[in-house]
Structure formats: C-alpha cells, structure tokens
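The residues making up each chain are set out below.
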Amino acid sequence: MGGKQLGFSDYEQATAKKQTKREKFLAEMEVVVPWDDLIALIEPHYPKTSKKGGRPPYPLMTMLRIHLLQQWYSLSDPAMEEALIEVPTMRRFAGIDLVSDRIPDETTILTFRHLLEKHELGEQIFGTVKAHLSARGMTMRQGTIVDATLIAAPSSTKNKEGKRDPEMHQTKKGNQWYHGMKVHIGVDKDSGLIHSVVTTAANVHDLTPAAELLHGDEKVVYGDAGYQGIAKRHEMASKTTTFHVAMRPGKRRALPDTAEGRLLDLIEAAKAHIRAKVEHPFRVIKQQFGFQKTRLRGMAKNRCKVNVIAALTNLFLARRLLLSAI
C-alpha cells in the first residue's frame, strides 16, 4: 500500500479515546480489503498523466478508497465530495491531508467510476475478492442457495430524455408494483458468501438467470418457491445436482394435519432454515450499505456497482475470520 494510507488504523487507535462505529468499521476494512490486488487490477487502466497537461491525476489508491467509501455509505458523487471536506475520518481513510492535498471534486469521482464501468472492472473486483477469500480457505463449492431481491429505480422523468430509465421495468410482488431492477445471487450454503451475482430488469423471472448463479460443482441447490421448476429447465439437464425448492405457501398451508403432512411441514421448515443464510448478504447490501434504490441509469453502470458491492459484502461477512488470521 505505502504512504499515508498505511497509517489509518494506527492513527485512529492512537488518537481516539473511544472509537466511533465509523472509525471501527474503517479500521477493519483497512485490514481486510486486498488493496494490493485491487490496485494491480485497476492500474493498467488508470491514467498516468493528465490528458490536457494540467494537474497530475490523483493517486490511484486515494481514488479507490474514495470509491469504496461511496459504496459503504451510499453516497452520490457530490455527497462524497462534501463528506471528504466535512468528515475527518473519511478524509484520513482516503489518505488526504486537508492542508497540503487537493480533495477530488465530484467530476473526478464520477470519472473514476466511469473508468471502472468502461473496463468492466466491477466484475473483476468481485472475482479478485473471491480469489482472495478462497486463498484463505473460504471456499464456496459444496452447495448453493439462490435468491433475488428488488432494487428500486427513480421513477422521476426530470432528466434530459424526459422519461424513466428504459432499461428498468415494473414488476408486481404481492399487491404492490415495483419499478427498477433485480439483483440475483448465488450464495454458498455453508459460509453464506456470495459466489455469483447477476443483474436484470425487475420484470425478469427469477428462474431466467438461475443457471448463471451456479458454479457447477455444487451437489445441492436451495431456492424459494419462485424457483419451482428449476430442475426441469434445459440448462440443468446435464447436472447431477439435487434441488430443494420451497413448496408454494398456499400448498404448504393446506398440508393435512396427519403424520405425512406434519413431516412435509418439518421438511419445509428445514429448507427455510438453510435458505435463511441468503438473507444475510441481502441485509448487508440493503441495510448496512444502504443500496435500496439506485441512482444510476442503465444496466451496465448498475452491474458494475452491484459487483463491487457484492465483493465488499463478502469482505464484511468474512471480516472476523480474516482479522483472526492476521
């Protein structure tokens, strides 16, 4: 890593009488994020000099740290610039000295995000973090839980085109309509870590990208009632995987109060207990990191963002094991 960035954890521990939640979180992320691997991934695409002969580009490490801060705290580009000015903890984490260093403005922050999108680095960041965890014994091979969650998109038409994002769509869940996208994930049934992630418009059925959520070596797959019929799809024909899909709620409620009916209900309860592990990464994505509504237009931009968030979610979920191994 090198330079000022290395001192964040030490600085916080030395100066704070009592660590705030933000300081504690960032001190943990300082340790668990594979900075060197991510820098090596992005560096070939990062400009070495200014195109117009102006000021030199900001250090790549600073821009990467700012981008991750954006994901962790669900900040827009202007809000991120303001946070760097107003919040000393974030500024120190980014390695910025308010006296001697320039603070990247919102346009610079936007440009870095566009660089990640252009070179599809979000997907590569997710892969790099998976490899980092695998190298530390956190394999994701035995069984998979598949699920999807809705992410709302702005319904406002106050933009250049005067209309909503054409790549986002509506879907009905229960008695309520949602406009936006879906995040589909494949989660390891033992560790609870995400090994596959796919983004689609909200109206795409959960079954459609299901095959993309399997790594191919799992012996068993769990899914909720939305995945009924997954075993019959042609993509699954060559697989020897066992599928445990939840019974539809109405059918389960109608189970008879007999020995067989009670046994079937117990089996459904056991399936639900295993499937519950998929809710942990969704809770981190939507509650911990605040990604309940996207600000970005288009699936390509959102795909990049979701992959980065999935990588950060894995690091957050695995942080205790990673920290204990140091």
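In what follows, the accompanying structure is described. Every value quoted in this text rests on a predicted model; they were computed, and no experiment measured them. (Residues numbered from 1 in each chain as written. Predicted model: local features only at pLDDT ≥ 70, side-chain atom pairs only at ≥ 80, totals over all residues. Heavy atoms only, no water.)

## A look at the nonpolar core
Turning to step 1, where the next piece is worked out: Of all hydrophobic cores here, the largest spans 70 residues; its most connected members are I42 and W72.
Turning to step 2, where the next piece is worked out: With residues near it in sequence (within four places) discarded, I42 still touches L60, L64, F112, L115, L116, L121 and I125.
Turning to step 3, where the next piece is worked out: Residues A148, L213, I230 and M236 belong to the second largest nonpolar core, which totals 13 residues. (Core = buried A, V, L, I, M, F, W, Y, C linked by side-chain atoms within 4.5 Å. Buried < 20%, exposed > 50% of the residue type's maximum accessible area, 1.4 Å probe, protein only. Contact = heavy atoms within 4.5 Å.)

## Quick notes on the packing of aromatic side chains
Turning to step 1, where the next piece is worked out: Summed over all chains, the structure comprises seven aromatic pairs.
Turning to step 2, where the next piece is worked out: Seen from their ring centres, F25 and Y73 are 6.1 Å apart, and the 80° between their planes marks the pair as edge-to-face. Taken together, the positions of F25 in helix α2 (residues 21-32) and Y73 in helix α4 (residues 60-73) put the pair 48 residues apart, joining distant regions of the chain.
Turning to step 3, where the next piece is worked out: Aromatic side chains W72 and F93 sit 5.8 Å apart centroid to centroid with 70° between the ring planes, which places their arrangement in the edge-to-face category. With W72 in helix α4 and F93 in helix α6 (residues 88-94), the pair connects residues that are 21 residues apart, well separated along the chain. Both residues of the pair, W72 and F93, belong to the buried class.
Turning to step 4, where the next piece is worked out: Three or more aromatic residues joined by ring pairs make a cluster, and in this case those are F25, W35, W72, Y73, F93, F289 and F316.
Turning to step 5, where the next piece is worked out: Over the ring of W35 we find R65, and its NZ or CZ is 4.2 Å from the ring centre.
Turning to step 6, where the next piece is worked out: The cationic tip of R319 hangs over the ring face of F316; the distance from NZ or CZ to the ring centre is 3.9 Å. (Phe/Tyr/Trp six-rings, centres within 6.5 Å; stacked < 30°, edge-to-face > 60°. Helix = DSSP H or I, 4+ residues; strand = E, 2+ residues; numbered from the N terminus. Lys NZ or Arg CZ within 6 Å of the ring centre and 35° of its normal.)

## Considerations on the packing of helix α3 (residues 35-42) against α4
Turning to step 1, where the next piece is worked out: Put simply, α3 and α4 touch, their axes get as near as 11 Å, and they point 110° apart. Overall, the two elements α3 and α4 adopt an arrangement that is roughly perpendicular. In contact with W35, L38, I39 and I42 of α3, α4 contributes L60, M61, L64, R65 and L68. (Axes fitted to C-alpha atoms, helices over the stretch in contact; angles between N-to-C directions. Parallel < 35°, antiparallel > 145°, perpendicular 65-115°, else oblique.)

## Structural notes on the pattern of salt bridges
Turning to step 1, where the next piece is worked out: Under the defined criterion, the tally for this structure stands at 10 salt bridges.
Turning to step 2, where the next piece is worked out: Close ionic contact of D190 with K189 constitutes a salt bridge, the shortest N to O distance being 3.2 Å.
Turning to step 3, where the next piece is worked out: Its relative accessible area of 43% is what places D190 among the partly exposed residues.
Turning to step 4, where the next piece is worked out: Within this structure, D77, R113 and E117 form a network of salt bridges that share partners. (Salt bridge = Lys/Arg side-chain N within 4 Å of Asp/Glu carboxyl O.)

## Remarks on the layout of surface pockets
Summary: where empty space remains is shown by rolling a probe the size of a single water molecule over the atoms.
Turning to step 1, where the next piece is worked out: By volume, the second largest pocket is sized at about 390 Å³.
Turning to step 2, where the next piece is worked out: Of all elements in the fold, only β1 (143-152), β2 (169-173) and α11 (279-288) reach the threshold of two or more residues within the lining of the second largest pocket.
Turning to step 3, where the next piece is worked out: The biggest single contributor to the lining of the second largest pocket is β1, with four residues.
Turning to step 4, where the next piece is worked out: Along the lines of polarity and charge, the residues of the lining of the second largest pocket split into six nonpolar, six polar and eight charged. (1 Å grid on protein atoms, 1.4 Å probe; cavity = no way out; pocket = protein on both sides within 12 Å on 5 of 7 lines; lining within 4 Å. Points joined across faces, edges and corners; volume = space filled by probe spheres on them. Nonpolar A, V, L, I, M, F, W, Y, C, P; charged D, E, K, R; others polar.)

## Some thoughts on the packing of helix α5 (residues 77-86) against helix α7 (residues 106-118)
Any two packed helices are characterised by how steeply their axes cross, that is the angle between the axes, and by the distance between the axes.
Turning to step 1, where the next piece is worked out: Relative orientation of the contacting elements α5 and α7 amounts to 125°, with a least axis distance of 8 Å. It follows that α5 is oblique to α7 by the angle criterion. Here α5 and α7 pass one another in a crossing that is right-handed. On the side of α5, the interface is formed by D77, P78, M80 and E81, while α7 contributes E106, I109, L110 and R113.
Turning to step 2, where the next piece is worked out: Split by residue class, the contact of α5 with α7 holds four nonpolar, no polar and four charged. (Left-handed = near helix turned anticlockwise from the far one by under 90°.)

## What about helix α8 (residues 121-135)?
Turning to step 1, where the next piece is worked out: With 15 residues, α8 should reach 21 Å at 1.5 Å per residue; the first-to-last C-alpha distance of 21 Å fits that figure.
Turning to step 2, where the next piece is worked out: Among the residues making up α8, those that are buried are L121, G122, I125, F126, T128, V129, H132 and L133. Viewed end-on, α8 has its buried residues packed into an arc of 160°, placing them on one side of the element.
Turning to step 3, where the next piece is worked out: Contacts made by the buried residues of α8 are with α2, α3, α7, β4 (194-201), α12 (299-317) and α13 (319-324). (Expected span 1.5 Å × (residues − 1). Arc of directions from axis to C-beta.)

## Side note on a nonpolar patch on the surface
Turning to step 1, where the next piece is worked out: A contiguous nonpolar patch, built from L263, L264 and I267 and spanning about 240 Å² of accessible area, is present on the exposed surface.
Turning to step 2, where the next piece is worked out: The residue L263 is located in helix α10 (residues 259-275) in this model. (Patch = residues over 30% accessible without salt bridge, like charges linked within 9 Å, V, L, I, M, F, W, Y side chains within 5 Å. Areas by Shrake-Rupley, 256 points an atom, 1.4 Å probe, with all protein chains shown as cover.)

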